[in-house]
Amino acid sequence: MEIIRFITHYGMHFLLPGAIAYLFFRKNWKKVWVIFILTMLIDVDHLFATPIFDSNRCSINYHPLHSYYAILVYFLFLFLKKTRIIAIGLLFHIITDALDCLWI
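Residue positions are counted from 1 within each chain, in the order its sequence is given. The predicted nature of this model means local features are confined to residues of pLDDT at least 70 and side-chain atom pairs, given and counted, to a pLDDT of 80 or more, with totals for whole chains, interfaces and linings taken over all residues. Hydrogens are left out, water is left out, and the side-chain values use all remaining heavy atoms of the structure.

> Which residues make up the side chain of His9, and what values go with them?
Helix numbering and strand numbering both begin at the N terminus, where a helix is a DSSP run of H or I of at least 4 residues and a strand a DSSP run of E of at least 2. Take His9: it is sitting in helix α1 (residues 2-24). Those residues in contact with His9 that sit more than four places away from it in its chain are Thr96, Asp97 and Asp100. Any pair of residues with heavy atoms lying within 4.5 Å of one another is described as a contacting pair.

Have a look at this one:
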């Protein structure tokens, strides 16, 4: 089961954003995909946790950049044209991590 969880989680972090970029931003899909991948930088907050990685820990509302307050800010970014693509990437990252929490 762990291998399915691993493939699902990282597939949703790397491959599915590419599909979303291609389907909805076809003209600039490669650039959008890179931006989506760069939103994974919110995982830098894992460096402040002990241990840094714990496969049985839910990231949502545990790490600062995965907190409900941060998620609210990411949602609000959807309404600003300049931050919309970043917001989509951040929120999709959060959805991916939330789904991962269901496996625990």
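> Describe the packing of aromatic side chains, naming the residues involved and giving the relevant values.
Two descriptors summarise a pair of aromatic rings, namely the distance from one centre to the other and the angle between the planes of the rings. For Phe, Tyr and Trp, where Trp contributes only its six-membered ring, two rings pair if their centres lie within 6.5 Å, and the inter-plane angle classes them as stacked under 30 degrees, edge-to-face over 60, or tilted in between. Evaluated as defined, the whole model comprises five aromatic pairs. Relative to Trp33, the ring of Trp29 has its centre 5.8 Å away and its plane inclined at 25°; by these criteria the two rings are stacked. Of this pair, Trp29 and Trp33 both sit in helix α2 (residues 29-38), four residues apart, roughly one helical turn. Between Phe75 and Phe79 the ring centres are 5.4 Å apart and the planes differ by 80°, which places this aromatic pair in the edge-to-face class. A relative accessible area of 56% places Phe79 in the exposed class. Among the aromatic residues, ring-to-ring pairing joins Tyr22, Trp29 and Trp33 into one connected group. Residue burial is assigned from relative accessible area. The probe radius is 1.4 Å, only protein chains are included, and a residue is buried under 20% of its type maximum, exposed over 50%, and partly exposed in between.

> Please give an account of the side chain of Ser59 that cites residues and values.
Along the chain, Ser59 turns up in the loop between α2 and α3 (68-77). Among the residues examined, Ser59 registers a relative accessible area of 11% and is labelled buried. Those residues in contact with Ser59, other than ones at most four positions away along the chain, are His46, His66, Asp97 and Cys101.

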